[in-house]
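Chains, contacts and geometry: an overview
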Amino acid sequence: MSAKVNAALPLEYQTEQNRMNILGFWVFLGAEIVLFATLFGVYGVLGERYAGGPTQKDIFIVKDVMIQTFLLLTSSFTMGISIFEMRRSNIKGMLMWLVFTLLLGGGFLFMEIREFMHYVHEGATMQTSAFLSSFFVLLGTHGLHVTIGIGWAILLIVQIVQRGLTPVTARKAFIFGLYWHFLDVVWIFIFTFVYLQGLVM
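Predicted model, so just to flag it, every value in this text is computed and none were measured.

Secondary structure summary: the chain contains six helices and zero strands in total. Each helix and strand of the chain, placed in order from N terminus to C terminus, yields the pattern α-α-α-α-α-α. Seen through its principal axes, the chain has C-alpha atoms that stretch 65 × 30 × 25 Å. By the burial criterion, 46% of the 201 residues in the chain qualify as buried. Across the chain, 12 positive and 11 negative side-chain charges occur, with their mean positions spaced 13 Å apart.

One pass over the full model with this rule turns up 23 aromatic pairs. An angle of 65° between the planes, with centres 6.0 Å apart, marks the rings of phenylalanine 36 and phenylalanine 182 as edge-to-face. Of this pair, phenylalanine 36 sits in helix α1 (residues 16-46) while phenylalanine 182 sits in helix α6 (residues 167-200); the two residues are 146 residues apart in sequence, bridging distant segments of the chain. Just as phenylalanine 36 is buried, phenylalanine 182 falls in that class too.

As a further point, take helix α4 (residues 91-121). The terminal C-alpha atoms of α4, which comprises 31 residues, lie 45 Å apart, in line with the 45 Å expected from a rise of 1.5 Å per residue. Once α4 finishes, glycine 123 follows within two positions and takes phi at roughly 85°, a positive value.

This paragraph deals with the environment of valine 200. Tracing the sequence through the fold places valine 200 in helix α6. The class of valine 200 is exposed, set by a relative accessible area of 70%. In this structure the C-alpha to C-alpha distance between valine 200 and glutamine 56, which are 144 residues apart in sequence, comes to 9.4 Å.

With that settled, the discussion passes to the layout of surface pockets. A volume near 270 Å³ is recorded for the largest pocket. Taken together, 13 residues line the largest pocket, and the ones lying closest to its centre are Leu29, Ile33, Phe182, Val185 and Val186. Of all the secondary structure elements, the ones that give two or more residues to the lining of the largest pocket are α1 and α6. Counting residues per element, the lining of the largest pocket draws most heavily on α1, at seven residues. In terms of residue class, the lining of the largest pocket is built from 11 nonpolar, two polar and no charged. Approximately 190 Å³ is the volume attributed to the second largest pocket. Lining the second largest pocket, in full, are Phe40, Tyr43, Gly44, Gly47, Glu48, Gln56, Phe189, Phe193, Val194, Gln197, Gly198 and Met201. Those elements that provide at least two residues to the lining of the second largest pocket are α1 and α6. No other element matches the five residues that α6 contributes to the lining of the second largest pocket.

Each value, and the rule that gives it
- Residues numbered from 1 in each chain as written.
- Predicted model: local features only at pLDDT ≥ 70, side-chain atom pairs only at ≥ 80, totals over all residues.
- Heavy atoms only, no water.
- Helix = DSSP H or I, 4+ residues; strand = E, 2+ residues; numbered from the N terminus.
- Buried < 20%, exposed > 50% of the residue type's maximum accessible area, 1.4 Å probe, protein only.
- Lys, Arg positive; Asp, Glu negative; His and termini not counted.
- Charge placed at Lys NZ, Arg CZ, Asp CG, Glu CD.
- Phe/Tyr/Trp six-rings, centres within 6.5 Å; stacked < 30°, edge-to-face > 60°.
- Expected span 1.5 Å × (residues − 1).
- 1 Å grid on protein atoms, 1.4 Å probe; cavity = no way out; pocket = protein on both sides within 12 Å on 5 of 7 lines; lining within 4 Å.
- Points joined across faces, edges and corners; volume = space filled by probe spheres on them.
- Nonpolar A, V, L, I, M, F, W, Y, C, P; charged D, E, K, R; others polar.

Now the structure itself:
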């Protein structure tokens, strides 16, 4: 692979290797779209099969869902600013916004775990009904991705602190940004088709 550097491009796109890695990650995200589309499809089929158990209106807490949505969407904004600062070669600003993203993601995860514990306390578990099985699998898969993202962000911060801003670390940060924005888009679909639709039905 050519190591030729094109300084006219943003740092993360300057080498052929970086461009190929970013393209490869877009392909990976395509596979992730298929995964979540399948889970949404399963929820669409099973989402009204309650088996005598609680419905969406019985267990959803609107305030908590709104807080989760606010935290995750705000983290997407702070991630965007982090990449903006990276392109300005402002490592301090980039890391600061990346840490904000990490904290907001952690807050989202805390709220989601709290939500799940509330459901279990109310007797709404995966074994209760097909609706709850598909609900927990869909949200649990998203939550697992957020957890992985938080771990990834911590490792990324450590690398940038140790190695500085290079084409390689810039590419890793950019790819992480794509991943994080993808999780936010998935959450918008969850918020719309699981929570809002469930409360309106």
